[in-house]
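This is what each chain is made of:
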Number of protein chains: 6
Amino acid sequence: MKKIVLTGAAGRLGSYLREPLSKMADALVSTDIAEDIGKLYEGESYLKADLGSLDEMMAVMEGAEMVVHFGAIGDEAPWEDILHSNIIGARNVWEAAYQQGARRVVYASSIHAVGMHLKQDFIGIDAPHRPDTYYGLAKCFAEDLGSLFWDKRGLESVHLRILSAAQVNNPRSLGSWLSYDDLIQLVQRAIEAPTTGFSIIYGVSNNDRAPVDNHLASYLGYRPKDNAEQFAEKVLAEAPPPDPTDPAQMCQGGPFATVELGHSGTATMNIVNDKKEV
Amino acid sequence: MKKIVLTGAAGRLGSYLREPLSKMADALVSTDIAEDIGKLYEGESYLKADLGSLDEMMAVMEGAEMVVHFGAIGDEAPWEDILHSNIIGARNVWEAAYQQGARRVVYASSIHAVGMHLKQDFIGIDAPHRPDTYYGLAKCFAEDLGSLFWDKRGLESVHLRILSAAQVNNPRSLGSWLSYDDLIQLVQRAIEAPTTGFSIIYGVSNNDRAPVDNHLASYLGYRPKDNAEQFAEKVLAEAPPPDPTDPAQMCQGGPFATVELGHSGTATMNIVNDKKEV
Amino acid sequence: MKKIVLTGAAGRLGSYLREPLSKMADALVSTDIAEDIGKLYEGESYLKADLGSLDEMMAVMEGAEMVVHFGAIGDEAPWEDILHSNIIGARNVWEAAYQQGARRVVYASSIHAVGMHLKQDFIGIDAPHRPDTYYGLAKCFAEDLGSLFWDKRGLESVHLRILSAAQVNNPRSLGSWLSYDDLIQLVQRAIEAPTTGFSIIYGVSNNDRAPVDNHLASYLGYRPKDNAEQFAEKVLAEAPPPDPTDPAQMCQGGPFATVELGHSGTATMNIVNDKKEV
Amino acid sequence: MKKIVLTGAAGRLGSYLREPLSKMADALVSTDIAEDIGKLYEGESYLKADLGSLDEMMAVMEGAEMVVHFGAIGDEAPWEDILHSNIIGARNVWEAAYQQGARRVVYASSIHAVGMHLKQDFIGIDAPHRPDTYYGLAKCFAEDLGSLFWDKRGLESVHLRILSAAQVNNPRSLGSWLSYDDLIQLVQRAIEAPTTGFSIIYGVSNNDRAPVDNHLASYLGYRPKDNAEQFAEKVLAEAPPPDPTDPAQMCQGGPFATVELGHSGTATMNIVNDKKEV
Amino acid sequence: MKKIVLTGAAGRLGSYLREPLSKMADALVSTDIAEDIGKLYEGESYLKADLGSLDEMMAVMEGAEMVVHFGAIGDEAPWEDILHSNIIGARNVWEAAYQQGARRVVYASSIHAVGMHLKQDFIGIDAPHRPDTYYGLAKCFAEDLGSLFWDKRGLESVHLRILSAAQVNNPRSLGSWLSYDDLIQLVQRAIEAPTTGFSIIYGVSNNDRAPVDNHLASYLGYRPKDNAEQFAEKVLAEAPPPDPTDPAQMCQGGPFATVELGHSGTATMNIVNDKKEV
Amino acid sequence: MKKIVLTGAAGRLGSYLREPLSKMADALVSTDIAEDIGKLYEGESYLKADLGSLDEMMAVMEGAEMVVHFGAIGDEAPWEDILHSNIIGARNVWEAAYQQGARRVVYASSIHAVGMHLKQDFIGIDAPHRPDTYYGLAKCFAEDLGSLFWDKRGLESVHLRILSAAQVNNPRSLGSWLSYDDLIQLVQRAIEAPTTGFSIIYGVSNNDRAPVDNHLASYLGYRPKDNAEQFAEKVLAEAPPPDPTDPAQMCQGGPFATVELGHSGTATMNIVNDKKEV
């Protein structure tokens, strides 16, 4: 492969992806809104750019074959911020990728696109959208955008609905954890697949208590290796009392299922850790 | 009912709704971006307002129990225009409706939210989003927005996916036609239903060749009376040659399935008639 | 047909069935716990018997080809009462019917077997049980009993899940009404069908706002003629304020969705009218 | 339309189609193995040809835009006969239609492709094949052939699974009857639809007791007008005793569900009438 | 957790659960109809009580947070016995658990609630009830009871449909075996899950030939470790001749699929071993 | 088991099966159109016979309890050849097996019966037929034939839809590979299962990138051990450029999805290797 573009390269997940992506192509173009991202890997270059600017995205995407789009606000935020980075930003990424001839966008979608479904319903990738926040609503938008660009323009996309990529420090994360190694495998498989059309896949490790059904995406070959069960005893011993009526315990989106729209930062420490992830 | 708000009151469909809505509540507040909408019906008042302004929407929604949201650009258009009126506008309508204590939004969604599905698949209201244009993508956004506001804030919404509300002058419209009388019945039923949660229903008359399955929305009590079949002989006699490989003939979205993203006005006359509708 | 047995012949619905059933067979044996049921129709005889007694049921079923089982407590009631008449009674009816060589049981089941489903989900006959009361739980029991006797013993049964058979005097009944004429057609079709195995069908008229999907039972040939829509204007004008959070408005079971288990008689007059029906 | 080819023009159903088809195109080429078919309609010509000969089919299909394929053995028969006319014959029709540039094949498929399903399961057009005879097996073959030619070669086909097109003279036909008028409408709609890809639709009138679900084919616009219910009273009065264990009463295929493979003509008169139809 | 109540503590499965349950809570109250159950584990106390008595159940449940309900007749039995212990008993357990403020009931349901389904259909937890015996019918009742108490009263329940928990000594048990270790894991997961609402899960080990699909219950985190395949060679060598028409070989319920209703003890030794289990 | 018959014993897959099958029964009768197949295993005998001759098949099947039918043309071929060996041949095998009292046919079906489905759809065994060639069409025929013989005559069959059984030398085979060891396990399980009725199962190893869903056939106990992932790095490094519009890359059938009907031998070497397999 000649060139991969990675957005959100300065972010927590993006920074883990730089090294493996730099090995998958002749050139890796990393981009973010930070001034710089430190030492570059072999084949990597860095371009500062704002997702909200189509011109800047056009410059970044020049010659790209594959776009790994992890740039966006990673938490619930005021509507105007989500609109700028996560909605307008997504449209600019797809438009520029298409204009510059890229073949595929691999996108960091999120469980929060379907966060109001009950865990108990063990949803698959075909569950209807049920966003839990403006953040999740923007993920829904980008999934539908990917569908549109595939159907109308032949630009492929794989939407990775990441559950949570933080530490395993509460009962929800026993099910929702995505380890860094599994994240890397997931992104690699999404890039390697010869054809994908418009695809969705959950990003979750091989957890005993994983609350989603990934089988319809199995053809991508993602087989996670890590399992949060190793943390179960400690986490359950410290868990707050179960509450069968609490949406944060019942819903896929966890604490996002109760957070007020357009707000963040008000939850307890544990919950913040959990919800800041994706 | 005390007060209904109607957006898009100066539009083609909105102007048909003013009279019947004025009879369903003590007060009807009509709004649009036109300076005025002519003679008012009993109980009706008019407020000029821009969907893109939350402040103006807050003023319009004051005291509203029910919001009938038909305001938006009614055709494919450049991204920035769709963004302003159809995406930001929708968010403002829902946010203002919620802030002002409204109970429900009845929304003019569109078949173009699922326009890339084949007619042959006879989709129901549970088919996944497959927009055919930026216009359709904005309809997807507003449906997910409605889902979010119901799940998180208890604001009900009924999303009317109108197929086409123009004259019956081509083979597609033999299936997709929604007569004005049936439109009025549809909006009335969406208002009358005691509870709706988040609901979707297709807006189509009782056409023999209707390409969508509305049965999952039957509880709303919508029973269309008109049937485009009366026009079949004439329309089929004048129809262009069938083409089994033409997305405009195969897909739910008709000519939108082939129109370039962000453009409009380039199709032939027949097609323009058809696609300008909703 | 030689002999039909009708249980619950003194009940509100049963008494409407006596005449039409008397015409469908050489002999109709009506039974109930009342001392007598007044003037008999041609071919009809009456036997007083308690559903809770297998011996009495054995006597009643002698020579029966078809059993129309409408006897039971017709409202929510204390557990012990439901147990006696609706659970033990159902078992006795099936056991006696089988022992006496009957071919089929046609049973007055109820929407309350699935009463906690949302109307908005427009459930079919394949929805899982979700009873709303002990009354509904006993209906679930009798359906499973019918399944057992068909699978193990070849005794057919048709389970008529009646929605409500009262007057149309509140918004729910605009959807749930089963007219007496349609009830009679329904029972006739359930009797006439050459083979039925174990079948379920909703008992509801051809109401515009009917909240259930009967299409999987269409092979039985039931085509209701009446439509509660004729009462819509009056009923809606007098309706209490809609409440999107009230289970009695949202759920199939209506007021049964909020009544306390094992209790009855505490609802308002309208609600009592509604829930006493089936 | 320039030219329609009708195979099986001398058969019972084919002969009813000649007149209406002759009015739908400039030219109708009728073909069968009979020497002649009597007086021709305006625009009609007749060619004797054997389905089993590709060369003869090539000659018949010259210049055809639409092929209405009703030629075949219309009853269960020895394997070799079914093989020749119904399997090899179908392949020749599709191959010749494709070679000669036809756009679509409208095919007389049959309920016997799915005849072993229970009536009680109210199957749709998406039920898996469950043939009841070699006759039904050949219908399955032709459906899969149609799928192959559409997917690989772009030749459209509409497969009309006719239930029974005889008189209504037994309980099964109360559900399965397809009147001649409805047959003609069905064929017309299958021809008129602008695009069909590979489609299946049941051929059955608007019978109250119809045992199949046609809703997924509604986009074709077929709305049958006749209803066998008019014959119900008489037919039921004369019906043989119901038998809940008899496949001929329980299964879609009726008497075909019990007939021995490769044999015919041994059933009682009523049954012969019924099963000879399609 | 403060207190767990275990019913059926003297039974075969119950006695295996006493030790692990005693470690999961400050107090374990074991109950059964036996006079005593021998030496108690740390934190365990024993109360003799009859499931058929609501008063006795009320006493047992005092202060319980979690109820593990394994008490019942464990085999097909006369109707009156099933009625007393398995139907009335279940109702008393749920009623008392609710009255005493328990949060959840973990219940030993059984494959016999769906025993008449074919193994070949590989049913999931969403298959409709198809009981094979009065024993299975009572399991259906308790599942519907659990649904009712969750929907109406907020009492959670997890229904463990155990396949067979005996030795692996016949071909059926190669698929249906639930090892004791896996049983213990299953019960633990059903207790640990923070919220469950109304849930169903199959109780079966990780057998190669397991005939049921548990994936919809995966969110509970049950991952069985044992596999009956280790016994396959020996068991298959000694197996009786296969019979494709024998319900006992084809159906999920095994020998229960052929046993007469209300009877037990007549099968051969192997079969008795198998069916006595759950 | 007394006697197994293996057809296609001289073929590539058949020759691998001779030894393990010879150990599963007292006698193994191998058959093919070759003059001889070399040294025989203990208990094995060889009969030369033509699938196209019912008489010869009758002789071969004498006394057989189980038929393993792997004989057929193993690639796309002219229609007449497929007709003779794969269609008429299959019918002869089933007819003779039935006439001679066999209990079950285990059949080498193929992914090419559903080859035009997208890999991305991750089809299960319940996907409708979508053949990609005459070769695949004949596999569809044999599956429907198996259904017919089970429903009408009680002859069981297990249809093994083999994906590809060649070397792993291109990206498709990373998903589609069936190792010889797994093939043998698959055939053994299909033979050992006590009852199967009419069953379908995919023949594919435990590949990370397997594009089909076998879970509905899990009750057969097939658990593949091999995984083509070991070859992934090498194969992907040498892979041709991905093309999102190429049916050979998108479809289950791989190169068969683009090969012309009735032709073979024209693909590149890699493709030939791949498609010659099954």
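Every chain's residues receive numbers from 1 upward, in the order its sequence appears when written. As a convention, the first chain written is A and the first ligand written is 1, with the rest following in written order. Where totals are concerned, whole chains, interfaces and linings use all residues; where local detail is concerned, this predicted model gives features only for residues with pLDDT of at least 70, and gives and counts side-chain atom pairs only at 80 or more. With hydrogens and water stripped out, all remaining heavy atoms of the structure feed into the side-chain values.

Aromatic pairs are defined between Phe, Tyr and Trp rings, using the six-membered ring for Trp, whenever the two ring centres lie within 6.5 Å; interplanar angles under 30 degrees are classed as stacked, those over 60 as edge-to-face, and all others as tilted. Applying the stated rule across the entire model yields 42 aromatic pairs over all chains. With 3.8 Å between their ring centres and 10° between their planes, D:Tyr16 and D:Tyr180 make a pair best called stacked. Here D:Tyr16, found in helix 1 (residues 12-22), pairs with D:Tyr180, found in helix 6 (residues 180-192); they are 164 residues apart in sequence, far enough to count as distant. The interplanar angle of 40° and the centroid separation of 6.0 Å between the aromatic rings of D:Phe141 and F:Trp79 together place this pair among those described as tilted. Pair noted here: D:Phe141 is in helix 4 (residues 134-153) and F:Trp79 is in helix 3 (residues 79-99), and the two residues belong to different chains. Neither D:Phe141 nor F:Trp79 differs from the other in exposure class; each is buried. The rings of A:Trp79, A:Tyr134 and B:Phe141 are connected pair by pair, giving a single aromatic cluster. Helical segments are the DSSP runs of H or I of at least four residues, strand segments are the runs of E of at least two, and each set is numbered from the N terminus. Relative accessibility thresholds used throughout: buried, under 20% of the residue-type maximum; exposed, over 50%; partly exposed, between the two (1.4 Å probe, protein chains only).

Least-squares superposition of the copies uses the C-alpha atoms of those residues scoring a pLDDT of at least 70 in each of them. Of the transformation superimposing chain A on chain B, the axial component is 0.0 Å and the angular component is 180°, with the fit at an RMSD of 0.0 Å. Classification of the inter-copy transformation places it as that of a two-fold axis. The position closest to the rotation axis in chain A is occupied by the C-alpha of A:Phe141, lying 3.0 Å away. Contacts are assigned to residue pairs with any non-hydrogen atoms lying within 4.5 Å of each other. Interface residue correspondence from chain A to chain B reaches 100%, placing this contact among same-surface, isologous pairings.

The next thing to look at is the interface of chain B and chain C. In this complex, chain B contributes 18 residues to the contact, which on the side of chain C involves 20 residues. Buried area counts how much accessible surface, traced with a 1.4 Å probe, disappears from two parts once they are put together, with both parts' losses summed. Of the roughly 1,500 Å² buried between chain B and chain C on both sides combined, carbon and sulfur atoms contribute 54%. The term salt bridge refers to a pairing of a side-chain nitrogen on Lys or Arg with a carboxyl oxygen on Asp or Glu at a separation within 4 Å. The interface formed by chain B and chain C holds 4 salt bridges in total. A salt bridge links B:Arg189 to C:Asp208; the nearest nitrogen and oxygen atoms lie 3.8 Å apart.

Attention shifts here to the relation of the copies chain B and chain C. For these two chain copies, the linking operation is a rotation about an axis paired with a shift along it. Mapping chain B onto chain C leaves a residual RMSD of 0.0 Å; the transformation is a rotation of 120° accompanied by 0.0 Å of translation along its axis. Both copies of the chain, as the preceding transformation shows, are related through a three-fold rotation axis. Distance from the rotation axis, computed per C-alpha, reaches its smallest value in chain B at B:His215: 5.7 Å.

Quick look at the UniProt feature "domain: NAD-dependent epimerase/dehydratase" (unreviewed entry) in chain A now. Per the UniProt record, the feature "domain: NAD-dependent epimerase/dehydratase" (unreviewed entry) sits at residues 4-162 of chain A. Across residues 4-162 of chain A, the secondary structure splits into 37% helix and 21% strand, with the terminal C-alpha atoms separated by 21 Å. UniProt positions are given in the numbering used here, feature names are shortened, and annotations may be inferred rather than shown by experiment.

For the rest of this paragraph, the subject is the pattern of salt bridges. Under the defined criterion, the tally for this structure stands at 102 salt bridges over all chains. Where A:Arg104 meets A:Glu156, a salt bridge forms, and the shortest distance between an N and an O atom there is 2.9 Å. Residue A:Arg104 is located in strand 5 (residues 104-110), and its partner A:Glu156 is located in strand 6 (residues 156-162); the two are separated by 52 residues in the primary sequence. With a closest N to O distance of 3.0 Å, C:Arg153 and C:Glu95 form a salt bridge. Taken together, the residues C:Arg153 in helix 4 (residues 134-153) and C:Glu95 in helix 3 (residues 79-99) connect sequence positions 58 residues apart. Of the residues examined, C:Arg153 reaches a relative accessible area of 14% and is grouped as buried.

Another point: helix 2 (residues 54-61) of chain C. Residue and element names in this part refer to chain C. All buried positions along helix 2 are accounted for by Met 57, Val 60 and Met 61. Mapping the buried residues of helix 2 onto a view down its axis gives an arc of 90°, with all of them on the same face. Its buried side turned inward, helix 2 meets strand 1 (3-7), strand 2 (27-32), strand 3 (44-48), strand 4 (66-69) and helix 3. As used here, the arc belongs to the directions running from the helix axis to the C-beta atoms.

Moving on: helix 3 (residues 79-99) of chain E. Residue and element names in this part refer to chain E. Taking 1.5 Å as the rise per residue, helix 3 with 21 residues should run 30 Å; its terminal C-alpha atoms sit 28 Å apart, in good agreement. Bend, in this description, refers to the angle at a residue between axes fitted to the seven residues ending there and the seven starting there. When the local axis directions of helix 3 are compared, the greatest deviation, roughly 35°, occurs at Gly 89. For helix 3, a buried count of 16 out of 21 residues is recorded, marking the element as mostly surrounded by other parts of the structure. Taken from the residues just after helix 3, Gly 101 is the one with a positive phi, measuring 85°. To estimate the expected span of a helix, subtract one from its residue number and multiply by 1.5 Å.

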